[in-house]
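Listed below, chain by chain, are the residues.
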Amino acid sequence: MARKPKGTIRGTRQMERVFDERAFADGVFNDEYVLVVGSGVILDRHQFPTSGGDINKYIIDEINKDRRETQAGFVDHHNFTDVFRGTSLDEQDPIYSLLTDFDYALSDISPELTHLLRTKLFKFVLTTTIDSYVETLMRDIWGDELRIVNISDNQSLKDFQDALERSRLNKYTQPTLFYVFGKVQPGRPKPRGFVETDVDAIKVIEKWLTTIDTKHIVPFLKSKRLLAVGCIFDDWYFRFFWYILTRSFDETDREGAKDIDGNLLTCDNLAAVFDPDKPSDQQLKAYLQRRGVCMHNDVWSFLAHISDILTSIEDDSPLRQMIINRRRSGGIFISYKSCDVMRASELFCKLSRERNLNVWFDNSSLQAGEEYSSVIRTAIMNAKIFIPILSPTIASELKEKGYSIDTFYSDEWRWAADNEQLIVLPIAIDGYDLRSEENKIFEHIVGHQSSGIDMTRKPLDPRLPEKVGYAKLLESIMIHLRLS
């Protein structure tokens, strides 16, 4: 009897996965995801409409435009690795010349990708592009803390491997960008450090298969879930790379659900465009279904959607409480007297919504007693930074009651004193005097050495780059968060 093709019977069970927003958000908040950024979501599609936001298409169009102007009868190529077939690689490299002359402006990058990365929820990013746009954005977000790993740079690979070994694999948390197909670098056109031709692609795939260590880097990637956005599956080498990332471990190495072919599910979400009239796309889609991948055809709306569900605390947000709870834990705690709620709310908006920092702020009516004590005290004990807002009203109560002051906010100061790891950054508003006797009482109760910040102070000389007020507070917060 002839063997039945795989999938003819059991394949009828193949169903597209439904996107589970809560499980996805929970995974992101627990640092379980690696973000894979492809060329299709790099550029602002409204500024670059002919490329549709795809940086590879933009590069090819620009090169073809130049060639069309200089070569009669030139026929456009559409596959990235096909651009130079039939040409001498000894000639000046058009891709290298074009990309090293780029001004990588933040304003060029798609707002959808920008907003997602500015949530700071995706610390580890793989980019399949060879340009520096994603790096430009991540450096703006993480500064010098960002680690760059390049498949073509053996030293960066070794440094990354050593860092993973020191941090015990999946506990590695340093913001990192990994160029999986190399990077165009000024001053280094030869030998090429990036995938340009099919030969380059074969060399990179060979390196992933034979050189990249299986003890640290690959297991680290496989310990994560994958969220792939804007990846172009027309390129065979990307499909091969995807296979490397998602192929299953032996059952002794990893436990998990299996697809109908008995493969362990190691990949999770993919936002791409599948052409219903293209047989190869349909075959790929069927394969990804069997791998348990949750697919989304409209990458732009999906990016906007996941950014919204990961950050929105509007009343109608289904994940509102999850997001609030995450902001309340392990970040910044704002302590204030009820009459100063508007100033506290303003500070919360600046830190959490503009800077995407994890901030506890609750202007709802928590009742006194057991709920208040347990919830607030736990939040302070889990916080890294404690910001008490000190106002003239607080100064008056300190002057009247002294060390015996007994209020909600003074309880918070005492709980802050119990957290030895806490950084205290008091801010003075509306004329509160940081040099007064009342402030000495506050410092004694809060129990931490701290340098207060006068939010009303103006720079002595506006022409000098002196940071005061909110700018000084933000600088202090960022320094302490990065050190922690």
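Scroll up to find the structure.
What you see is a predicted model, and the numbers here were worked out from it, not measured in a lab.

Draft legend 1. Here's a closer look at the packing of helix 16 (residues 408-418) against helix 17 (residues 437-446). One can describe the packing of helix 16 onto helix 17 by two numbers: an axis separation of 7 Å at closest approach and a directional angle of 50°. Judged by the angle between their axes, helix 16 and helix 17 are oblique. Across the interface between the two elements, Ser 410, Trp 413, Arg 414, Ala 416 and Ala 417 from helix 16 touch Phe 442, Ile 445 and Val 446 from helix 17. Its residues placed into classes, the contact of helix 16 with helix 17 shows 6 nonpolar, 1 polar and 1 charged.

Draft legend 2. Spatial organisation of unusual backbone geometry. Although it is not a glycine, Asp 31 adopts a positive phi angle of roughly 60°. Positionally, Asp 31 belongs in the loop between helix 1 (21-29) and strand 1 (33-37). Its relative accessible area of 25% is what places Asp 31 among the partly exposed residues. Even without a glycine there, the phi angle at Asp 430 is positive, about 55°. Tracing the backbone through its elements, the reader meets Asp 430 in the loop between strand 12 (427-428) and helix 17. Taking relative accessible area as the criterion, Asp 430 reaches 46% and is therefore assigned partly exposed.

Draft legend 3. Representation of the pairing of strand 5 (residues 225-229) within the structure. Counting buried residues in strand 5 gives 4 out of 5 residues, a clear majority hidden from the surface. Bridge count for strand 1 against strand 5 is 5 bridges, and the pairing is parallel. When the bridges of strand 5 are listed, Val 36 appears paired with Ala 228.

Draft legend 4. Main features of the nonpolar core. Phe 24, Phe 122, Leu 310, Leu 351, Ile 387 and Ile 477 are the most contacted members of the largest nonpolar core, which totals 76 residues. Top element by residues in this core is helix 11 (residues 299-311). It accounts for 7 residues. Not counting residues up to four positions away in its chain, the partners in contact with Phe 122 are Phe 24, Val 28, Tyr 33, Leu 35, Leu 116, Leu 117, Leu 227 and Leu 310. One finds Phe 124, Leu 126, Trp 208 and Cys 231 within the second-largest nonpolar core, a separate group that totals 36 residues.

Draft legend 5. Up close: the side chain of Glu 112. Mapped onto the elements, Glu 112 comes out in helix 4 (residues 111-118). A distance of 3.4 Å separates the side chain of Glu 112 from the side chain of Arg 45, its partner in a polar contact. When neighbours within four sequence positions are excluded, Glu 112 is seen to be in contact with Arg 45, Trp 300, Leu 303 and Ser 307.

Draft legend 6. A nonpolar patch on the surface, seen in detail. A surface patch of nonpolar side chains, amounting to about 270 Å² of accessible area, comprises Leu 209, Phe 240 and Tyr 243. With respect to the helices and strands, the residue Phe 240 is situated in helix 9 (residues 236-246).

Draft legend 7. Just helix 10 (residues 279-290), in detail. When the terminal C-alpha atoms of helix 10 are compared, their 17 Å separation across 12 residues agrees well with the 16 Å that a helix rising 1.5 Å per residue should span. Regarding helix 10, the residues found buried are Asp 281, Leu 284, Lys 285, Leu 288 and Gln 289. The buried residues of helix 10 occupy an angular sector of 140° when the element is viewed end-on, so they sit on one face. Opposite its buried face, helix 10 presents the exposed residues Pro 279 and Gln 283, each directed more than 90 degrees away. Once helix 10 ends, the next one or two residues include Gly 292, with phi positive near 80°.

Draft legend 8. Region of the structure containing the packing of helix 1 against helix 11. Two numbers describe how helix 1 lies on helix 11: the axes approach to 10 Å, and their chain directions differ by 70°. Taken as axis vectors, helix 1 and helix 11 run roughly perpendicular relative to one another. Residues Glu 21, Phe 24, Ala 25, Val 28 and Phe 29 of helix 1 lie in contact with helix 11, whose contacting residues are His 305, Ile 306, Ile 309 and Leu 310. Here the residues of the contact of helix 1 with helix 11 sort into 7 nonpolar, 1 polar and 1 charged.

Draft legend 9. View of the pattern of salt bridges. One pass over the full model with this rule turns up 13 salt bridges. The partner of Lys 158 in a salt bridge is Asp 162, and the shortest N-O contact between them spans 3.0 Å. Pair noted here: Lys 158 and Asp 162 are both in helix 6 (residues 154-166), with a separation of 4 residues, about one helical turn. The partly exposed category is assigned to Lys 158, whose relative accessible area is 46%. Owing to a relative accessible area of 21%, Asp 162 belongs among the partly exposed residues under this scheme. In this structure, the salt-bridge partner of Arg 435 is Asp 433, at a minimum N-O distance of 3.6 Å. Three or more residues are tied together by salt bridges with common partners; here these are Glu 135, Arg 139 and Lys 183.

Draft legend 10. Highlighting the packing of aromatic side chains. Evaluated as defined, the whole model comprises 16 aromatic pairs. A centroid spacing of 5.2 Å and a plane angle of 55° characterise the contact between Phe 19 and Phe 24, whose relative ring orientation is tilted. With respect to burial, Phe 19 and Phe 24 carry one shared label: buried. Between Trp 413 and Phe 442, the aromatic rings sit 4.9 Å apart at their centres with planes inclined by 80°, giving edge-to-face as the arrangement. One end of the pair, Trp 413, is in helix 16; the other, Phe 442, is in helix 17, with 29 residues separating them in the sequence. Each of the two residues, Trp 413 as well as Phe 442, counts as buried. The rings of Phe 124, Phe 160, Tyr 172, Phe 178, Trp 208 and Phe 220 are connected pair by pair, giving a single aromatic cluster.

Draft legend 11. Structural view of empty space enclosed by the protein. According to the stated counting rule, one finds 3 cavities of 30 Å³ or more in the structure shown. Considering only enclosed or pocket space, the second largest cavity measures out at about 50 Å³ in volume. Residue lining of the second largest cavity: Asp 31, Lys 123, Phe 124, Tyr 172, Thr 173, Gln 174, Phe 220 and Lys 224, and that is the complete set.

Draft legend 12. The environment of Tyr 336, seen in detail. Relative to the assigned elements, Tyr 336 resides in the loop between strand 8 (332-335) and helix 13 (341-354). Classification of Tyr 336 as buried rests on a relative accessible area of 16%.

Parameters and conventions
- Residues numbered from 1 in each chain as written.
- Predicted model: local features only at pLDDT ≥ 70, side-chain atom pairs only at ≥ 80, totals over all residues.
- Heavy atoms only, no water.
- Axes fitted to C-alpha atoms, helices over the stretch in contact; angles between N-to-C directions.
- Helix = DSSP H or I, 4+ residues; strand = E, 2+ residues; numbered from the N terminus.
- Parallel < 35°, antiparallel > 145°, perpendicular 65-115°, else oblique.
- Contact = heavy atoms within 4.5 Å.
- Nonpolar A, V, L, I, M, F, W, Y, C, P; charged D, E, K, R; others polar.
- Buried < 20%, exposed > 50% of the residue type's maximum accessible area, 1.4 Å probe, protein only.
- Pairing = 2+ DSSP bridges.
- Core = buried A, V, L, I, M, F, W, Y, C linked by side-chain atoms within 4.5 Å.
- Polar contact = N/O pair within 3.5 Å; in protein donor to acceptor, adjacent residues only side chain to side chain.
- Patch = residues over 30% accessible without salt bridge, like charges linked within 9 Å, V, L, I, M, F, W, Y side chains within 5 Å.
- Areas by Shrake-Rupley, 256 points an atom, 1.4 Å probe, with all protein chains shown as cover.
- Salt bridge = Lys/Arg side-chain N within 4 Å of Asp/Glu carboxyl O.
- Expected span 1.5 Å × (residues − 1).
- Arc of directions from axis to C-beta.
- Phe/Tyr/Trp six-rings, centres within 6.5 Å; stacked < 30°, edge-to-face > 60°.
- 1 Å grid on protein atoms, 1.4 Å probe; cavity = no way out; pocket = protein on both sides within 12 Å on 5 of 7 lines; lining within 4 Å.
- Points joined across faces, edges and corners; volume = space filled by probe spheres on them.

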